Amino acid sequence: FRGPSGPSAVPRPGSRLWLPRQGAMKALTKIRKGIAGDGVEEETARAVEPEMKISIVRVKAQPRKHKVISYGYRKLVDGEVPEMYRFQYLPDPDLPEDLHPGVIPAGFSACVPVDQDMVYFHTREGDTGPEYQVVYTQPDPAGGDIPAHSMVLEWTNDVDAIWVEALQQLEDNAGLSEEALNFLDADPLWLFGIADPATQRALEKTAVVPMLRCMGHRPCIEEWFSYLNADEQGDAPFRWVVESFAEVELPEPWTSFKGVGSVVCYLNNETNETTWKHPFYDYFAQLLNHCRRSTNEEHIKLRINRFLWSYEAESQTDVQSQMPLVSPKYVKILAEILECELVTEPFMVRTLKTFLKAFSQMYHDGELDTQEVIYCLDIVKNERAKASVAKQLGIDDVDIDDLGGQGQMYCVECLHTEANVAHLYCPECGDSLCLNCFEKLHAKGHRATHEPNHFILCVMCKVMPAKLQCTYTRGKYCSDCYHRKHAKTLPKFLDLKPLKIDYKRSAKLEREEKARKEGKQLESPLTIIDPEAKETFSKPAPLETTLGEKWHAFYDLRGVKYYYNFETQESMRRPQDDLVIQEEPEDTAFAAQRKEILMKMALSKEPRLMPQWEEGKERERSKGILDDF
């Protein structure tokens, strides 16, 4: 039914299809085959580029039954549709002279019903023009997994040849009815809806209005990338923009549905307006273009601003289930923004938690400054350099027998022995002692109330007592390790000075002084509970936790501390043992007394009046009842 513009083509005897004359594509293929053979130079010199002729699609007087699965897209070269993708067709069979131009889309899919099944027709972009494929599957009547007939023709650029082959196989093997075969005996571009005014209008609309395709139940991320004219590889750093666009909720009164051609349509329920354009399309398209033009620091600043804005919006809508800002969920998001790998870089978690607090404060005070982002990137870089240096340094092997050297503390009682290293300092005695000597001297008398300060070993050498605490990492180091090793890994642009660890401070004397000033009774050291543990019913996280560097401390909505592992995605709690309420032993004397009271109440003829219950008053009431008896 299709031929080049000009005289009608001559029908082929015994065929159901009117074949076109040899078109431009066949001529071009013939020339290329000649060039690939012998005498390349001679054939090339004689080859003349053929005149491209636009074919005409003939219509057939029968109802349209096609169903468009996907409209595809128009192939453009320098802003124009190539001639091999063009054709002409008759929108109205009654007006044979009224030819309209048409375009063969790439990625087009449609089907037509034949008896109880469907014949599918697909197009794609080829090297020399559009390519076509025909698929038909007839299921097993008995319900088996193997179909009764299956036909999948390979891709080719000759639409007439593939359709002739498809009709021949359907007629010979598919067992279709004569009515179905007569229906299929038509030009495939007309039969499957390419030469249809509705399809051509939709293709023209795609050049002006963006179109979101949806081949499944919901649009996938690749379809959202295509909707924003973004490339998954080239625009990988801006993937968050596409994901945010896919997750954003439609504003009132808009709703969405899947329309003809697997295109997502948006309906305004107030005006009944239907469009392919998402209500927020312009905003996210401009956001994507802004990210492409921005520097890396400006892009990170934009992501952090939007991340904090989203957190504030979620907090207002769902207060009950909103997690604190410093939580594993938001640490992961910030790590993704700053390109930190928490599984292999667990040392970055503490820095990221500090960043979250700082960014939150800046966000509430005003907009984030790009210079602050630059500082944060430098800190991340220095943290990695510090970790790398620490791994290279390692822990030096120290001879335990040779414990001399500057900064070491020795026991004042056992200087004559070899194992004379002190383990603690008693502020009230003013002496450095080992554990054995401290227990001997403080076993009896007033000295039994002394509270010693145990020496903290240096986190690097594990031998010398720590005398300095880093204000950047909060680690404790001896003087030699801090100045010779650790100080070299600190950020150079920060003026960091360590804190001196004072072992001479007496916690007991400070409590007594504070109690005297406040006029309170001094509590026993065993009954004093850490304020953090008292409020949260959990143990404070030590700096050098025994859980390892992969476990990190956080607080939930109730302020209760828990630990999270970013590698295994596990969380755990460690409740404080002294806050667990133990069951009190039964008071046998009180139980017998209560039993006697109940027996007398049962034998009494007085009115049984139950007093008002008050918590903790049971013993007082029982004593009063016994006195009455």
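Quick caveat: nothing in here was measured; it's all calculated off a predicted structure. (Residues numbered from 1 in each chain as written. Predicted model: local features only at pLDDT ≥ 70, side-chain atom pairs only at ≥ 80, totals over all residues. Heavy atoms only, no water.)

### Describing the overall build of the protein chain
We apply this condition: Only DSSP runs of H or I reaching four residues or more are called helices, and only runs of E reaching two or more are called strands; each is numbered from the N terminus. Accessibility here uses a 1.4 Å probe with only protein chains present; expressed as a share of the type maximum, an area under 20% marks a residue as buried, one over 50% as exposed, and anything in between as partly exposed. In this analysis, two residues are considered to be in contact whenever any of their non-hydrogen atoms come within 4.5 Å of each other. Surface accessibility in these figures is a Shrake-Rupley result with a 1.4 Å probe; residues are shielded only by whichever protein chains are displayed.
The secondary structure content of the protein chain amounts to 19 helices and 21 strands. The buried share of the protein chain, reckoned over its 629 residues, is 36%. Within the protein chain, contacts between residues at least 6 apart in sequence are counted, and of these 54% link residues at least 24 apart. Accessible surface, the protein chain as shown: approximately 38,900 Å² in total, 51% of it carbon and sulfur.

### Describing the sheet that holds strand E20 (residues 561-565)
What counts is decided by this rule: Pairing between two strands requires that DSSP report at least two bridges joining them. Fitted lines through C-alpha atoms give the axes, limited to the stretch in contact for helices. The angle between two N-to-C directions lies from 0 to 180 degrees.
Overall, antiparallel pairing links the 3 strands, which are arranged E19-E20-E21 in an open sheet. Each having just a single partner strand, strand E19 (551-555) and strand E21 (570-572) make up the two edges of the open sheet. Pairs of neighbouring strands in the sheet enclose a mean axial angle of 30 degrees, with direction left out of account. Two elements, E20 and E21, share 3 bridges in a ladder whose sense is antiparallel. Its bridge partner lying in E21, Tyr564 is registered against Ser571.

### Re the confidence of the model for the protein chain
Note the threshold: Values of pLDDT, which run from 0 to 100, indicate the predictor's confidence residue by residue.
Taken residue by residue, the protein chain gives an average pLDDT of 76. The fraction at 70 or more is 75%. Low pLDDT, under 50, characterises residues 39-49; the predicted model gives this stretch 6 contacts beyond four residues in sequence or across chains. Segment residues 575-581 is flagged for pLDDT under 50; beyond a separation of four residues in sequence, or across chains, it makes 12 contacts in the model.

### Looking at the packing of aromatic side chains
In plain terms, the rule: Each aromatic pair joins two rings of Phe, Tyr and Trp (for Trp, the six-membered one) with centres within 6.5 Å, and gets the label stacked for planes under 30 degrees apart, edge-to-face for over 60, and tilted for any other angle. For a lysine, the NZ atom is tested; for an arginine, the CZ atom; a charge sits over a ring if that atom is within 6 Å of the ring centre and within 35 degrees of the ring normal.
Throughout the structure, instances matching the rule amount to 19 aromatic pairs. Between Phe455 and Tyr503, the aromatic rings sit 5.0 Å apart at their centres with planes inclined by 85 degrees, giving edge-to-face as the arrangement. Linking Phe455 in the loop between strand E15 (453-454) and strand E16 (468-469) with Tyr503 in the loop between strand E18 (499-500) and helix H16 (507-518), this pair joins segments that are 48 residues apart in sequence. Take Phe455: its relative accessible area is 14%, and that puts it in the buried class. Both rings, one in Phe554 and one in Phe566, keep their centres 6.2 Å apart while their planes meet at 75 degrees; by these two values the pair is edge-to-face. In this pair, Phe554 is assigned in strand E19 and Phe566 in the loop between E20 and E21, connecting sequence segments 12 residues apart. Here the two residues Phe554 and Phe566 agree in accessibility, since each one is buried. Grouped by ring-pair contacts, the aromatic residues Trp224, Tyr227, Phe245, Tyr281, Tyr283 and Phe284 constitute a single cluster. Taking the ring centre of Phe183 as reference, the NZ or CZ of Lys65 above it sits at 5.1 Å. Sitting above the plane of the Phe554 ring, Lys353 keeps its charged end 4.8 Å from the centroid.

### What to know about the packing of helix H10 (residues 296-317) against helix H12 (residues 348-365)
The following threshold applies: Each angle gets one of four labels, with under 35 degrees taken as roughly parallel, over 145 as roughly antiparallel, 65 to 115 as roughly perpendicular, and the rest as oblique. Classification used: nonpolar for Ala, Val, Leu, Ile, Met, Phe, Trp, Tyr, Cys and Pro, charged for Asp, Glu, Lys and Arg, polar for all others including Gly.
In the contact formed by H10 and H12, the axes pass within 11 Å of each other and the chain directions differ by 80 degrees. If you check the angle between H10 and H12, you find them roughly perpendicular. Residues Ile304, Asn305, Phe307, Leu308, Trp309 and Glu312 of H10 touch H12, and the partners they reach there are Leu356, Phe359, Ser360, Tyr363 and His364. Grouping the amino acids of the contact of H10 with H12 by side-chain chemistry returns 7 nonpolar, 3 polar and 1 charged.

### Structural notes on the sheet that holds E16
Pairing is antiparallel in the open sheet, where 3 strands are placed in the order E17-E16-E18. A strand with exactly one partner marks an edge of an open sheet, and here the two such strands are strand E17 (476-477) and E18. Across 2 bridges, the pairing between E16 and E17 is antiparallel. Residue Leu468 lies in a different strand from E17, and its bridge partner there is Tyr477.

### Examining the pairing of E19
Along E19, 4 of the 5 residues are buried, which leaves the element largely enclosed by surrounding structure. Bridge count between E19 and E20: 5 bridges; the pairing is antiparallel. Across the sheet, Tyr555 pairs through a bridge with Lys561, a residue of E20.

### Section: H12
Quick reminder of the rule: Expected span of a helix, by definition, is 1.5 Å for each gap between consecutive residues, and there is one gap fewer than residues.
With 18 residues, H12 extends 26 Å from end C-alpha to end C-alpha; this agrees with the ideal 26 Å at 1.5 Å per step. The complete set of buried residues in H12 reads Met348, Val349, Thr351, Leu352, Phe355, Leu356, Phe359 and Ser360.

### A word on the side chain of Lys561
Just so we agree on the cut-off: Polar contact criterion, stated in full: a pair of N or O atoms within 3.5 Å, where within protein one must be able to donate a hydrogen and the other to accept it, and residues adjacent in sequence count only if both atoms are side-chain atoms.
Note on placement: Lys561 falls in strand E20. Among the polar contacts listed, one links the side chain of Lys561 to the side chain of Tyr555, at a separation of 3.0 Å.

### Description of the nonpolar core
Counted only if it meets this: Throughout this description, the term nonpolar core refers to a set of buried Ala, Val, Leu, Ile, Met, Phe, Trp, Tyr and Cys residues connected via side-chain atoms within 4.5 Å.
By size, the foremost hydrophobic cluster in this structure holds 44 residues, and its most contacted members are Val119, Phe121, Val134, Trp163, Leu184, Leu191 and Phe192. Contributing elements (two or more residues each) for this core: strand E4 (86-89), strand E6 (109-114), strand E7 (117-125), strand E8 (130-138), helix H3 (159-173), helix H4 (178-184), helix H5 (188-191) and helix H6 (197-206). The biggest single contributor to this core is H3, with 6 residues. In this structure Val134 touches Val119, Tyr120, Phe121, Met151, Val152, Leu153, Ile162, Trp163 and Ala166, once residues within four positions along its chain are discounted. Grouped together as the second largest cluster of nonpolar side chains are 29 residues, Leu334, Ala335, Val349 and Val373 included.

### Some details on the environment of Val421
By the secondary structure assignment, Val421 is in the loop between helix H13 (370-393) and strand E13 (424-426). According to the relative accessible area criterion, Val421 is buried, its value standing at 16%.

### Remarks on the environment of Cys461
Considering the arrangement of structural elements, one finds Cys461 in the loop between E15 and E16. A relative accessible area of 16% places Cys461 in the buried class. Taking the C-alpha atoms as reference, Cys461 lies 8.4 Å from Tyr477; in sequence the two are 16 residues apart. Excluding anything up to four places from it in sequence, Cys461 contacts Cys478 and Cys481.

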